[in-house]
Amino acid sequence: MWYAIIGEEAPDSLPRRQSARPAHLERVVALRDAGRLLLAGPFPAIDSEDPGDAGFTGSLIVAEFASLEEATEWAQGDPYVSEGVFASITVRPFRRVLP
C-alpha cells in the first residue's frame, strides 16, 4: 500500500537540512530504484522553486510499504529525523486515485 510521510520542519533547521540532505536523498533514491516511490519533495517556505535562506516548512514522500508499521519505521530512520531537521513526522495510508 502507499503511505504519505509528512515531515514538519523544526525551527532554524536549514543548515541541518543541507548537511543531512545527501544521506536523506540516498534513502529516497533507494525507494525510487526499487519502484516504490510515487513522489517526494520539500515544501518551500515561500512561493519559489528556490526559497534560498527562507528554507522549507517540511517535506512529503509518498512511497509503497508492506504496512503502516514498516512505513513508520522507515520514516523514523530518516537522517532528517535523527539530525533534527524535522520536529515531527506523520505517516498515513494513502490511496492513489489519479493519475
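Residues numbered from 1 in each chain as written. Predicted model: local features only at pLDDT ≥ 70, side-chain atom pairs only at ≥ 80, totals over all residues. Heavy atoms only, no water.

1. A closer look at the nonpolar core
With eleven residues, the main nonpolar core is built from Tyr3, Ile5, Val28, Leu31, Ile61, Ala63, Phe65, Ala71, Trp74, Ala75 and Val91. For this core, the secondary structure elements donating two or more residues are β1 (2-9), α1 (14-33), β3 (56-64) and α2 (68-76). The element that contributes the greatest number of residues to this core is α2, accounting for three residues. Once residues within four sequence positions are removed from consideration, tyrosine 3 is found in contact with Ile61, Val62, Ala63, Phe65, Ser67, Leu68, Ala71, Val91, Arg92, Pro93 and Phe94. (Core = buried A, V, L, I, M, F, W, Y, C linked by side-chain atoms within 4.5 Å. Buried < 20%, exposed > 50% of the residue type's maximum accessible area, 1.4 Å probe, protein only. Helix = DSSP H or I, 4+ residues; strand = E, 2+ residues; numbered from the N terminus. Contact = heavy atoms within 4.5 Å.)

2. Considering the environment of glutamate 70
Along the chain, glutamate 70 turns up in helix α2. Residue classification places glutamate 70 among the partly exposed positions, given a relative accessible area of 34%. Between the C-alpha atoms of glutamate 70 and valine 91, which are 21 residues apart in sequence, the distance is 10 Å.

3. Observations concerning the packing of aromatic side chains
Scanning the entire structure with this criterion turns up three aromatic pairs. On the numbers, 5.4 Å between centres and 90° between planes, the contact of tyrosine 80 with phenylalanine 86 is edge-to-face. Considered together, tyrosine 80 and phenylalanine 86 belong to a single accessibility category, that of buried residues. Here the aromatic residues Tyr3, Phe65 and Trp74 are joined through ring pairs into a cluster of three or more. (Phe/Tyr/Trp six-rings, centres within 6.5 Å; stacked < 30°, edge-to-face > 60°.)

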